[in-house]
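The chain contents come next:
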Amino acid sequence: MGNAPHSLAQYAFDVRNFPIAVGIIFLIFHDTRAIGIAMLILGVFMRFDLIMKTTNQLSPYVWPIVLIIVGAVMIWGFKKGK
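Residues numbered from 1 in each chain as written. Predicted model: local features only at pLDDT ≥ 70, side-chain atom pairs only at ≥ 80, totals over all residues. Heavy atoms only, no water.

**Focus: the overall build of the protein**
Going by this rule: The numbering of helices and of strands both runs from the N terminus, where a helix is a DSSP run of H or I of at least 4 residues and a strand a run of E of at least 2. Here's how the labels work: a residue is buried when its accessible area is under 20% of the maximum for its type, exposed when over 50%, partly exposed in between, all with a 1.4 Å probe on protein chains only. Any two residues having at least one pair of non-hydrogen atoms within 4.5 Å are treated as being in contact.
The helix and strand tally for the protein stands at five helices and zero strands. Moving toward the C terminus, one meets the helices and strands of the protein in the order α-α-α-α-α. For the protein, the residues scored as buried account for 9% of the 82 residues in total. Nonlocal contacts in the protein, meaning residues at least 24 apart in sequence, comprise 32% of its contacts between residues at least 6 apart.

**A closer look at the side chain of R47**
Assignment of secondary structure puts R47 in the loop between α3 (34–46) and α4 (48–58). Other than its neighbours up to four places away in sequence, R47 contacts Y11, D14, R16, N17 and I20.

**Describing the pattern of salt bridges**
How we decide: By salt bridge we mean one thing: a side-chain nitrogen of Lys or Arg within 4 Å of a carboxyl oxygen of Asp or Glu.
According to the stated counting rule, one finds one salt bridge in the structure shown. Note that R16 and D49 form a salt bridge whose closest N and O atoms lie 3.7 Å from each other. One end of the pair, R16, is in the loop between α1 (4–12) and α2 (18–29); the other, D49, is in helix α4, with 33 residues separating them in the sequence. Taking the relative accessible area as the measure of exposure, R16 reaches 30% and is therefore partly exposed. Overall, the relative accessible area of 51% leaves D49 in the exposed class.

**Considering the packing of α2 against α3**
So the rule is basically this: Axes here mean lines fitted to C-alpha atoms, for a helix over just the part in contact, with angles spanning 0 to 180 degrees between N-to-C directions. Any angle between 65 and 115 degrees counts as roughly perpendicular, while under 35 counts as roughly parallel, over 145 as roughly antiparallel, and the rest as oblique. Working rule for handedness: look at the near helix, and if it is turned counterclockwise from the far one by less than a right angle, call the crossing left-handed; if clockwise, right-handed. Gly falls in the polar group here, along with every residue not listed as nonpolar (Ala, Val, Leu, Ile, Met, Phe, Trp, Tyr, Cys, Pro) or charged (Asp, Glu, Lys, Arg).
Two numbers describe how α2 lies on α3: the axes approach to 7 Å, and their chain directions differ by 160°. It follows from the interaxial angle that α2 and α3 lie roughly antiparallel. Pair α2 / α3 crosses with left-handed handedness. Every residue of α3 that contacts α2 at P19, I20, V22, G23, I24, F26 and L27 is listed here: I35, G36, I37, M39, L40, L42, G43, V44 and M46. Across the contact of α2 with α3, the residue classes tally to 13 nonpolar, three polar and no charged.

Next comes the structure, spelled out in structure tokens:
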């Protein structure tokens, strides 16, 4: 049958995934979003090796495009007051 169920369970119960789960729960059920966002950022940093490996398999141009989009949003998207 293979190792698919074992590897899925191993991935689901990995300690590095708990900050992501806690961050999602805080974003859904609490009014303050700061804790949820902080936990999601921590979870992304803990899974950064997997993210880099996956995106580099897709295309070597993923990260430059993402950084350009983030920069554009930071410049034009977060202006407060009208």
